[in-house]
Amino acid sequence: MTYKVVMAALSPGRDCLGVAGAAIALARQSDAMLLARAYCRPIHCICGDYSVPAALFQEDRRQIERHLKASEADFRAIAAKLDHAGDWQGESSIEPLSERFARESAAADIVVAGIPKAGDAPDATRQPDLCDLVMQAGRPVMLVPESSRTAKFDRILVAWKDTREARRAVCDALPLLAKARNVVVVEIHAADEHAAAWRSVARVSGWLARHGIAAEEKVVAAELANAAQLSGLARIHDADVIVAGAYGHNRQGRWTLGGITSELLSGGRCVLLSH
């Protein structure tokens, strides 16, 4: 039960310490190969029908080159400090970045990507759309706050709900759960579903036990918006990582995350999502 290949999805021109540190820590924990991938999308690819002035086009090319070189240097410095080499690839990509990373994820067991700082404006030339990445990757995606400076996976909270997505997530997280010191499986239930929630949590904790993973069971009645209540439980249990199913909708060719999944990304902690 280990990840054999971990992929770090880096955003050139941005702080990569959180993502790189988490990916390297995860690779070291599993003695896994580390893939470091960094892509920039040229500005003309996102301008639609608008023409890009020649001077701006040339400056964009020069900036892409600078950002890729700086990103590689930053990553290699972090990798050297943490004593884990990585297979680096950095280049320009005309594809949407989420699609490029999703395609590259076929070579990995898990993808590690960054959650931008709150209030940062999105930049489609440097950052993948996280919703699209999670929905398209076909691999578990660990999302790490860019501001993170420590990567720990000791205490894990499983946000359980008896759905396909949650079942996929807890299965994808097995290598992480097997090495954790503390695992809590939590279900937040409606008022009339208390007994059913306990049975559901017992099923998954029993399955984990057969994989050698001891998990605490917890069932709580819904009181607040589920995302806020889940974040509160993560604080109470001092969780390093939340494992959850990713719920989304494809509207007119664009994925939109469900409310709870979206709210988890603003909680300031690592989240492992599977769809």
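Report follows, based on the coordinates. Just so it is clear, the model here is predicted, and its values are computed rather than measured.

**Concerning the nonpolar core**
Item 1. Counting 51 residues, the largest nonpolar core has V6 and L10 as its most contacted members.
Item 2. The contact partners of V6, leaving out residues within four places of it in the chain, are A23, L26, A27, A32, M33, L34, L35, I110 and V112.
Item 3. In this structure, L97, I188, V220 and A234 belong to the second largest nonpolar core, which totals 33 residues.

**Considering helix α1 (residues 17-30)**
Item 1. Compared with an ideal rise of 1.5 Å per residue, which puts 14 residues at 20 Å, α1 spans 20 Å between its outermost C-alpha atoms and is within 8% of the ideal.
Item 2. Of the residues making up α1, those classed as buried are G18, V19, A20, G21, A22, A23, I24, L26, A27 and S30.
Item 3. Packed against the buried residues of α1 are β1 (5-10), β2 (33-40), α2 (54-81), β4 (110-115), β5 (141-145) and α6 (174-179).
Item 4. D31 lies just past α1 and shows a positive phi near 50 degrees.

**Some remarks on the environment of A178**
Item 1. One can find A178 in helix α6.
Item 2. Relative accessible area serves as the criterion here: at 35%, A178 is assigned to the partly exposed category.
Item 3. For A178 and T150, which are 28 residues apart along the polypeptide, the C-alpha to C-alpha distance reads 20 Å.

**A short note on the pattern of salt bridges**
Item 1. All chains considered together, the criterion is met by 17 salt bridges.
Item 2. Salt-bridge contacts for R37 lead to D87; the nearest nitrogen and oxygen are separated by 2.8 Å. Separated by 50 residues along the polypeptide, R37 in strand β2 and D87 in strand β3 (residues 87-92) bring together distant segments of the chain.
Item 3. Classification of R37 as buried rests on a relative accessible area of 7%.

Quick notes on the rules
Residues numbered from 1 in each chain as written. Predicted model: local features only at pLDDT ≥ 70, side-chain atom pairs only at ≥ 80, totals over all residues. Heavy atoms only, no water. Core = buried A, V, L, I, M, F, W, Y, C linked by side-chain atoms within 4.5 Å. Buried < 20%, exposed > 50% of the residue type's maximum accessible area, 1.4 Å probe, protein only. Contact = heavy atoms within 4.5 Å. Helix = DSSP H or I, 4+ residues; strand = E, 2+ residues; numbered from the N terminus. Expected span 1.5 Å × (residues − 1). Salt bridge = Lys/Arg side-chain N within 4 Å of Asp/Glu carboxyl O.

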